[in-house]
Amino acid sequence: MDSIQMSHLRLLFVVFSSFLAASIGDNSTDSYWLLRVKSELIDPAGVLENWSAKVHICSWNGLTCSDDQAHILGLNLSGSGLSGSLSQEFGRLTSLELLDLSSNFLTGSIPPELGQLQNLQILLLYTNYLSGKIPAEIGLLKKLQVLKIGNNLLTGEITPTIGNLTELRVLALAYSQFNGSIPIGIGNLKHLIFLDLQNNSLSGLIPEEIHGCEELENFAASNNQLQGDIPSSMGLLKSLKILNLANNSLSGSIPVALSRLSNLTYLNLLGNELSGEIPSELNHLVQLETLDLSENNLSGTISFLNSQLKNLESLVLSNNALTGSIPGNFCLRNSNLQQLLLARNKLSGKFPLELLNCSSLQQLDLSDNRFEGELPSLLDKLQNLKDLVLNNNSFIGTLPHEIGNMSNLEFISLFDNLITGEIPMEIGKLQMLSVIYLYDNQMSGHIPMELTNCTNLIAIDFFGNHFTGTIPATIGRLKNLFLLQLRQNYLSGPIPPSLGYCKRLQFLALADNKLSGSLPPTFRFLSELSRITLYNNSFEGPLPASLFLLKSLKIINFSHNRFNGTIFPLSGSNALTVLDLTNNSFSGPIPSTLAMSRNLSRIRLAQNHLIGNISSIFGQLTQLKFLDLSFNDLSAGLPPELSSCRKLEHFLLNNNQFTGTMPPWLGSLQELGELDLSSNQFYGTVPAELGNCSRLLKLSLHSNNLSGEIPPEIGNLTSLNVLALQRNNLSGSIPSTIQQCKKLYELRFSENFLTGSIPSELGSLTELQVILDLSKNHFIGEIPSSLGNLVKLERLNLSSNQLQGEIPSTLGELTSLHMLNLSNNHLQGQLPSTFSGFPLSSFLGNDKLCGPPLLSCSESMGQRKKELSNSEVVGIIVVIVFISTVICFVMLYIMLRIWCKWREVSISNADSGGTEKKREEGKWVYGDEKRRKGEYWKVNSLSPVSSQGKRTSGIACIFQLKMDSEAM
């Protein structure tokens, strides 16, 4: 009786103790530790709500108890939306056999206390945000069979203590950030079946000890950085079914030992650096279903392919250096081959007819090889084929009509071959066809209207053929069309209005054809249109105003057409990145609404009739890289807001009517590679700030009204290729800093007012090639001999300056010159002999130059001796005039003497009757005698003689004659 009472008391004590432990927490019970675990977790879904002392522990969510409910054997809270960290108190649950916290949002590290769970068999922590290293204590879990902790943020090396888990059957560490090498101890895991190390940063060699995993069936270590050879010891893994070592840096040859893996069904070695030939022994892998050796450096033939691989479903050998042809014994028996990808090799020969026996084939890719010949008419034997990819070969002939019988065909890629002829009308029977790529061939004829029966088409690309005729009027049937690429053909006529009903169209390319007419109003329905290129056609007329509704447009290229009117309808999309309307007849102002497309990177509106100014709002286009407004009628100055376009690389405003000074803020556009402001009305100086544009390749400011000196900062443009400052009013000398522009190949300073001598530093610009033009300035001095260093120069123009001295002999070494002009200077001396091939006009206006093509220097000297200078000519004329005058006086004198003699005779005859006259004459003589200081004149002979007996000049006779006349 007493013993019975004692038993009841003990039972009451146990019940009370259990209740008390559940109420106040007893360290010796699992419930206490689980509640501690709960306190470190965040449970937004309320999964742990019933984890309470009011509920028996075996009823708590996620828990599995032993049959006697004395112990917690399993904890499974997978996918419960929990966050927080893993509590170290998990180590107190020593009876646990299963711990599954996978697919949550847990953070922090894996607590080393988990090593205390000596009964744990399954540990699943994958797909969380756990970080840190794998604790070494994990190696204490001697009963562990499944360890899956991948898809986390775990780092560091894989702990070597993993090798102590000798009961392990599944080890999954994929999709984390582990580094280091695969531990050698992995070979201790004799019962391991599944080893997944994919998508980490593991490096080093695959350990030879891997062969110790005798029961291994699945080994995946793809997408790591493993190196070295594939160990031959892997051939000992007789149970292996899946081997995936893709995308590593493995090298060497494929070991023949792999051919002993008789159970292998999947072998993937793609994306490594394997070399050598593919072992023919691989055809022993009769269970093989998938073989992928693509993206390596494998060479040789593919002779290993034979009918023994009858289970092979997928063979991928793309991106290697394989040669030869496809073996003739391939697909002779009932083949299961569905995928054959041999692209980007060096395979050759005609289309392998043996492939037509692969009746199960669904994907055939022979692209980027050297196949040739015609496509077989029996191609339709491949009734199950979905993808036919033969692009980038040398196939010729026409597309066989029988292709219309391949009813399962979805993808046709035949681009970049030599296929000719028309598209067969039978193509319209391919109801499953979604993609057809025929671009870069030599096909011709009309695009058949039957093609529009393939209503599943999403992509058509016929670029670069010789198709003629019109775009099929029924194109609007293709409601799913995403891409229509018909560029670079000979299509004509208008765009059919039905195209507007292809409402899913995103890419439309009709450029480089002979299309005409205006854009159909139905384009307003192309609400998903992202890219439209119509350039190099004959489209005309104004743009439909409804284009403004196309809000998805990103790229528009209507250049080289005949459109007119305003460009406003193209400014409705805020998604624009490229707008090219070059060479049309658009007029009016540039709409400011374009600035709403903040991602615009290219605006090309050149060669139109646009007017007005550049709105300051365009300064908001901070992504702009290319702005070409050249050849319009734009005016006013440049808005300073454009200085915000810091990514500008090409800034072209030439051939407009812009005015004002050239703004210094141009120097803040440090990405500029091309700046062309030429043929405008800019004035003032060239801004020194342009020297900050260190990436500038072309600077063209010619044909403006710029004045002042060329700033020395121009020498900072060390990348400059073209510098054109001609036809301005620049003065001063060429700065010596120009020598820093070592990459110049075109330099033009002509038609300015530059002075001084030509700097010898120009001779250091050895890349000058197109032209060096300094003509029509005021340069003086000699031509520097350093110009002879410009051995690439093709054109040199120094004409119309004031250069003097001899032409340096070094210029004769410029063998690339084909245009030379030194005319209208003061040069002298002999021309270099190599200049004889240049025209005479190259040297005119230099009087003292000689040598071919001018006169030889000896002839020139002789001619100069014969020729008189201007002063000499004047002297001779004076002498001639003087002598002529003297002769005239002498003749006159003789004539007067004759006349005087005759007169004297006449007077003598009259003396007898002229007494009065003599008296008067004597009075005159006497009076004259007094005036002559004692001399008197007698006219009694031909030679008057003074009283002293001296001869007198003939003037006396004239004087006497005059007196006689007066007396009479």
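Residues numbered from 1 in each chain as written. Predicted model: local features only at pLDDT ≥ 70, side-chain atom pairs only at ≥ 80, totals over all residues. Heavy atoms only, no water.

An unreviewed UniProt entry annotates the chain as Leucine-rich repeat-containing N-terminal plant-type domain-containing protein originating from Lithocarpus litseifolius. The annotation that UniProt attaches to the chain under Sequence similarities (unreviewed entry) is "Belongs to the polygalacturonase-inhibiting protein family." (UniProt positions renumbered as here; feature names shortened; annotations may be inferred.)

J.: Residue-level account of the overall build of the chain, with values.
T.: Within the chain, the regular secondary structure consists of six helices and 67 strands. By residue count, 49% of the 968 residues in the chain fall in the buried class. Here the chain has roughly 43700 Å² of accessible surface; of this, 52% comes from carbon and sulfur atoms. (Helix = DSSP H or I, 4+ residues; strand = E, 2+ residues; numbered from the N terminus. Buried < 20%, exposed > 50% of the residue type's maximum accessible area, 1.4 Å probe, protein only. Areas by Shrake-Rupley, 256 points an atom, 1.4 Å probe, with all protein chains shown as cover.)

J.: Would you mind going over the packing of aromatic side chains in detail, with residue names and values included?
T.: Per the counting criterion, the structure on display carries 18 aromatic pairs. A centroid spacing of 4.2 Å and a plane angle of 10 degrees characterise the contact between Phe415 and Tyr439, whose relative ring orientation is stacked. Taken together, the positions of Phe415 in the loop between strand 31 (411-413) and strand 32 (420-421) and Tyr439 in the loop between strand 33 (435-437) and strand 34 (442-446) put the pair 24 residues apart, joining distant regions of the chain. Per residue, the accessibility class of Phe415 equals that of Tyr439, and both read buried. Between the aromatic rings of Phe563 and Phe586, the centroid separation amounts to 6.1 Å while the plane-to-plane angle is 15 degrees, which identifies the pairing as stacked. With Phe563 in strand 44 (residues 562-565) and Phe586 in strand 46 (residues 585-588), this pair connects stretches of sequence that are 23 residues apart. For Phe563, a relative accessible area of 0% gives the class buried. Ring-pair connections join several aromatic residues into one group, and the members of that group are Phe411, Phe415, Tyr437 and Tyr439. (Phe/Tyr/Trp six-rings, centres within 6.5 Å; stacked < 30°, edge-to-face > 60°.)

J.: If you had to explain the sheet that holds strand 18 (residues 249-252) to someone new, which residues and values would you point to?
T.: What the 12 strands build is an open sheet, ordered 8-10-12-14-16-18-20-22-24-26-28-30; its pairing is parallel. Because the sheet does not close on itself, it has two edges, and the strands there are strand 8 (131-132) and strand 30 (394-396). Inspection of the sheet shows strand 28 (residues 370-374) paired to strand 30 by three bridges, in the parallel sense. Its bridge partner lying in strand 30, Glu374 is registered against Ile396. (Pairing = 2+ DSSP bridges.)

J.: Give me the lowdown on the pairing of strand 20 (residues 273-277), citing residues and values where you can.
T.: Note that strand 18 and strand 20 share two bridges and pair parallel. Bridged to Ser251 within strand 20 is Glu273. Sheet analysis places strand 20 next to strand 22 (residues 297-300), joined by three bridges and oriented parallel. Paired with Glu277 across the strands is Ser299, a residue of strand 22.

J.: Report on the pattern of salt bridges, specifying residues and quantitative values.
T.: Should the charged atoms of two oppositely charged side chains come close, the side chains can pair. For the structure shown, the criterion picks out 12 salt bridges. With a closest N to O distance of 2.9 Å, Arg487 and Asp512 form a salt bridge. One end of the pair, Arg487, is in the loop between strand 37 (483-485) and strand 38 (490-493); the other, Asp512, is in the loop between strand 39 (507-509) and strand 40 (514-517), and 25 residues separate them in sequence. Relative accessible area serves as the criterion here: at 25%, Arg487 is assigned to the partly exposed category. Here Arg695 ties to Glu671 by a salt bridge, and the two come within 2.7 Å at their closest N and O atoms. Of this pair, Arg695 sits in the loop between strand 54 (681-684) and strand 55 (698-700) while Glu671 is found in the loop between strand 52 (657-661) and strand 53 (674-676), placing the two residues 24 residues apart along the sequence. (Salt bridge = Lys/Arg side-chain N within 4 Å of Asp/Glu carboxyl O.)

J.: Residues and numbers for the sheet that holds strand 67 (residues 848-850), please.
T.: In spatial order, the strands read 62-64-66-67; together these four strands make up an open sheet with parallel pairing. Edge strands, defined here as strands with exactly one partner in the open sheet, are strand 62 (780-781) and strand 67. Relative to strand 64 (residues 802-806), strand 62 runs parallel, the two sharing two bridges. Within the sheet, the bridge partner assigned to Ile780 lies in strand 64 and is Gln802.

J.: Lay out the environment of Ser786 in plain terms, naming residues and giving numbers.
T.: Within the secondary structure, Ser786 is located in the loop between strand 62 and strand 63 (795-797). The exposure class assigned to Ser786 is buried, which follows from its relative accessible area of 18%. The spacing of Ser786 and Ser764 is 22 residues in sequence and 7.5 Å in space, taken between C-alpha atoms. Beyond its immediate sequence surroundings of up to four residues, Ser786 is in contact with Ser760 and Gly763. (Contact = heavy atoms within 4.5 Å.)

J.: Give me the lowdown on the side chain of Asn441, citing residues and values where you can.
T.: With respect to the element layout, Asn441 can be found in the loop between strand 33 and strand 34. Residue Asn441 is classed as buried on the basis of its relative accessible area of 5%. Engagement of the side chain of Asn441 in a polar contact is seen with the backbone oxygen of Leu414, the distance being 3.0 Å. Engagement of the side chain of Asn441 in a polar contact is seen with the backbone nitrogen of Asn417, the distance being 3.2 Å. Discounting chain neighbours no more than four positions away, the residues touching Asn441 are Leu414, Phe415, Asp416, Asn417, Leu418, Ile419, Gly464 and Asn465. (Polar contact = N/O pair within 3.5 Å; in protein donor to acceptor, adjacent residues only side chain to side chain.)

J.: Would you mind going over a nonpolar patch on the surface in detail, with residue names and values included?
T.: A contiguous nonpolar surface patch, about 840 Å² in accessible area, is contributed by Phe882, Ile883, Val886, Ile887, Val890, Met891, Tyr893, Ile894 and Ile898. Summarising the element assignment, Ile883 is placed in helix 4 (residues 870-909). (Patch = residues over 30% accessible without salt bridge, like charges linked within 9 Å, V, L, I, M, F, W, Y side chains within 5 Å.)

J.: Which residues make up the state of the cysteines, and what are the values?
T.: For the coordinates displayed, the defined rule picks out one disulfide. Here Cys58 engages in a disulfide with Cys65; their sulfurs sit 2.1 Å apart. Across the S-S bond of Cys58 and Cys65 the torsion is about -110 degrees, and the bridge reads as left-handed. (Disulfide = S-S within 2.5 Å.)

J.: Now, about unusual backbone geometry: what can you tell me, with residues and values included?
T.: The omega torsion of the bond from Pro852 to Pro853 falls at 10 degrees, within 30 degrees of zero and hence cis. Mapping Pro853 onto the fold places it in the loop between strand 67 and helix 3 (857-866). Located in the positive-phi region is Ala636, a residue other than glycine, with phi close to 70 degrees. Mapped onto the secondary structure, Ala636 falls in strand 50 (residues 633-636). Residue class for Ala636 comes out partly exposed when judged on its relative accessible area of 32%.

J.: Lay out the pairing of strand 22 with the relevant residues and their values.
T.: Side chains Leu298 and Gly300 project from strand 22 onto a buried face, and the interleaved Asn297 and Ser299 project onto a face without burial. Bridge count for strand 22 against strand 24 (residues 321-324) is two bridges, and the pairing is parallel. In the sheet register, Gly300 faces strand 24, and the bridge partner there is Leu322.

J.: How would you summarise helix 2 (residues 30-39) if you had to cite specific residues and measurements?
T.: Turning to helix 2, its buried residues number three or more, namely Asp30, Ser31, Trp33, Leu34 and Val37. Projection of helix 2 onto a plane perpendicular to its axis shows the buried side chains occupying an angular sector of 165 degrees, all on one side. Here the buried face of helix 2 lies against strand 1 (41-42), strand 2 (63-65) and strand 3 (72-76). (Arc of directions from axis to C-beta.)

J.: Tell me about the environment of Leu237, residues and numbers included.
T.: Position of Leu237 relative to the elements: it lies in the loop between strand 16 (225-228) and strand 17 (242-244). Taking C-alpha positions, Leu237 is 9.6 Å from Ser262, a pair spaced 25 residues apart along the chain.

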